[in-house]
Amino acid sequence: MLVTKHFRLPDVGEGLTEAEILDWRVGPGDRVGVNDIIVEIETAKAAVELPSPYTGTVTEVLCAEGEEVAVGAPIIAIVVEDDGGPQAGPEPDVTAQQPAESPEKDEPASVPAREPVLVGYGPAHAQTERRPRKRKPEPQAVTSSTQTFLATPPVRKLARDLGVDLHQVTATGPSGRITREDIHHVVERRAAAPNTSDVPRDVVMRTPIRGVRKHVAEAMVESAFTAPHATEWVTVDVTRSLRLLERARADKAFTGVRLTPLCLVIKAALTAIARHPEINAKWDAAGCEIVQYSDINLGIAAATPRGLIVPNIAAAQRLSLRETALALTDLIDQARAGRTPPERMRNGTFTITNIGVFGIDGGTPILNPGEAAILCFGQVRRTPWEHKGRVRLRDTTTLAMSFDHRLVDGELGSLVLRDIARFLERPDLMVLHH
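Note that the structure is a prediction, hence the values are computed from the model and not measured.

**Focus: the overall build of the chain**
A tally of regular secondary structure across the chain gives 8 helices and 22 strands. Buried residues in the chain amount to 46% of all 434 residues. Contacts spanning at least 24 positions in sequence make up 63% of the contacts within the chain whose residues lie at least 6 apart. Taken as a whole, the chain presents about 22400 Å² of accessible surface, with 54% of it coming from carbon and sulfur.

Here is the structure:
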């Protein structure tokens with residue numbers, strides 16, 4: 001017997017309540033197998049690909065691309081063969097429905113017991129109350145004094161985002177419905193003839209605040225207005241560190257390894273934190289205590305096409321220089337490709353932001369919420385510097401460290417920053433203090 005099962009948007013283990021549909025990989029009529037990728041979604045932290053929990057045929061896609069969907073809402077219907085036994089593969093939050101049933105029926109008033117979340121994304125720590133499910137919108141007639149047309153809410157939203165007046169669109173969909181392709185056609189026509197009268201001169205670009213950008217904004221506001229920031233600066237001669245990097249790159253052990261100055265900054269910071277473990281902590285206002293950690297989960301601020309994210313290298317203090325370089329390369333590549341796994345976005349304890357890659361000397365970084373300090377690494381540049389009694393051109397950089405003044409006082413912050421600078425000036429000292 002054939003039954004229709006509805007795959008519900010799972011909780012990917014980040015404590016989030018909604019996600020945006022980025023890209024459907026399947027459509028009605030497509031055959032899918034267990035663990036086949038069917039959709040890409042964007043949470044507030046990263047893009048995630050979701051696999052199918054069933055083997056069967058897609059009958060309906062319930063959410064449009066660009067639509068924000070609440071966790072627990074059905075997103076796709078798949079017809080499967082009911083053999084009386086469980087399907088192989090992972091079992092996310094799904095509901096099985098007979099073909100006669102419709103996803104448009106009201107949900108029961110009682111909250112069902114939580115089923116296992118999607119394999120690989122971890123369990124949620126608590127049952128959260130979900131918002132009412134967003135149902136697939138029906139096309140709505142939009143009327144003006146001269147024209148009436150059909151367009152679904154996601155299509156009308158796309159038109160607003162792209163600055164397209166629906167009165168300029170020629171509908172090609174069934175029953176005179178305006179489709180997403182119709183909107184994109186207008187945009188393409190506008191690009192081909194930018195000086196035509198089709199382009200309103202007073203159009204203002206409006207970008208929805210959601211996904212990563214929304215999460216970053218909320219985190220920065222929380223940090224700036226909760227933790228009292230203090231920032232200290234130091235300029236340091238890193239000539240010896242750069243020479244060490246040159247020798248390491250020539251070593252066979254580092255063949256094929258992307259070894260950058262940031263790798264040594266990371267090692268210097270980890271060594272300094274090991275000497276002053278009190279800074280590897282957070283202020284727990286709810287518990288009225290300072291929580292200190294044994295492992296240093298080192299966050300690296302990464303600029304991505306979707307915005308700023310801070311994935312971390314877990315237990316970074318355990319890694320060698322080579323392992324650190326490999327982990328850093330993997331972290332950055334994943335971030336730029338939008339494939340950062342959820343577990344890398346949690347439980348950071350100290351962050352480094354490298355603004356030197358943009359040609360900037362320094363700045364006052366804002367703390368990542370839940371952390372006690374963040375180090376800002378400026379560009380390395382040749383500057384006149386006193387060395388062994390003479391003024392010479394040396395490679396220098398500026399370090400700035402912001403810290404939460406509730407648990408890090410001036411002395412501790414100064415000692416940590418001083419040690420980082422000292423280890424970059426004399427990288428051989430890191431061996432003595434490791």
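Once you've had a look at it, read on.
**What to know about the pattern of salt bridges**
A full pass over the atoms with the stated rule returns 17 salt bridges. We note a salt bridge from Asp-419 to Arg-275, for which the minimum N-O separation is 2.8 Å. With a gap of 144 residues between them, Asp-419 in helix α7 (residues 410–425) and Arg-275 in helix α5 (residues 261–275) connect regions that are remote in the sequence. Between Arg-422 and Asp-419 there is a salt bridge, and its shortest N-O distance comes to 3.4 Å. Of the two residues, Arg-422 and Asp-419 are both situated in helix α7; the distance of 3 residues between them amounts to about one turn of the helix. On the basis of relative accessible area, Asp-419 is assigned to the buried category, the value being 0%. Shared partners join several salt bridges into a network, and the residues in it are Asp-23, Arg-25, Glu-40, Glu-49 and Arg-339.

**Notes on the pairing of strand β14 (residues 289–292)**
Judged from the 4 bridges that link them, strand β13 (residues 281–284) and β14 form a sheet pairing that is antiparallel. Residue pairing in the sheet places Trp-283 in a bridge with Ile-290 of β14. Linking two consecutive strands that pair antiparallel, namely β13 and β14, is a turn of 4 residues; a positive phi of about 55° is found at Cys-288 within it.

**Some words on the packing of α5 against helix α6 (residues 321–336)**
Relative to each other, α5 and α6 sit at 120°, their axes nearing to 10 Å. In this view, α5 runs oblique relative to α6, as classed from their interaxial angle. The hand of the α5/α6 crossing is right-handed. Contacts between α5 and α6 involve Leu-262, Cys-263, Leu-264, Ile-266 and Lys-267 from the former and Leu-321, Thr-324, Ala-325 and Leu-328 from the latter. Looking at the contact of α5 with α6 residue by residue, the classes come out as 7 nonpolar, 1 polar and 1 charged.

**Quick look at the nonpolar core**
Judged by nonpolar contacts, the single largest core of 52 residues is most densely connected at Phe-350, Ile-352, Leu-375, Leu-399, Met-401 and Ile-420. Per-element accounting of this core gives the leading share, 10 residues, to α5. Those residues in contact with Ile-352 that sit more than four places away from it in its chain are Leu-262, Val-265, Ile-266, Ala-269, Leu-298, Gly-299, Ile-300, Ala-301 and Leu-375. By size, the runner-up hydrophobic cluster in this structure holds 26 residues, among which are Val-12, Ile-38, Cys-63 and Ile-78.

Criteria and cut-off values
- Residues numbered from 1 in each chain as written.
- Predicted model: local features only at pLDDT ≥ 70, side-chain atom pairs only at ≥ 80, totals over all residues.
- Heavy atoms only, no water.
- Helix = DSSP H or I, 4+ residues; strand = E, 2+ residues; numbered from the N terminus.
- Buried < 20%, exposed > 50% of the residue type's maximum accessible area, 1.4 Å probe, protein only.
- Contact = heavy atoms within 4.5 Å.
- Areas by Shrake-Rupley, 256 points an atom, 1.4 Å probe, with all protein chains shown as cover.
- Salt bridge = Lys/Arg side-chain N within 4 Å of Asp/Glu carboxyl O.
- Pairing = 2+ DSSP bridges.
- Axes fitted to C-alpha atoms, helices over the stretch in contact; angles between N-to-C directions.
- Parallel < 35°, antiparallel > 145°, perpendicular 65-115°, else oblique.
- Left-handed = near helix turned anticlockwise from the far one by under 90°.
- Nonpolar A, V, L, I, M, F, W, Y, C, P; charged D, E, K, R; others polar.
- Core = buried A, V, L, I, M, F, W, Y, C linked by side-chain atoms within 4.5 Å.

Fair warning: the whole summary comes from geometry, so function is off the table for now.
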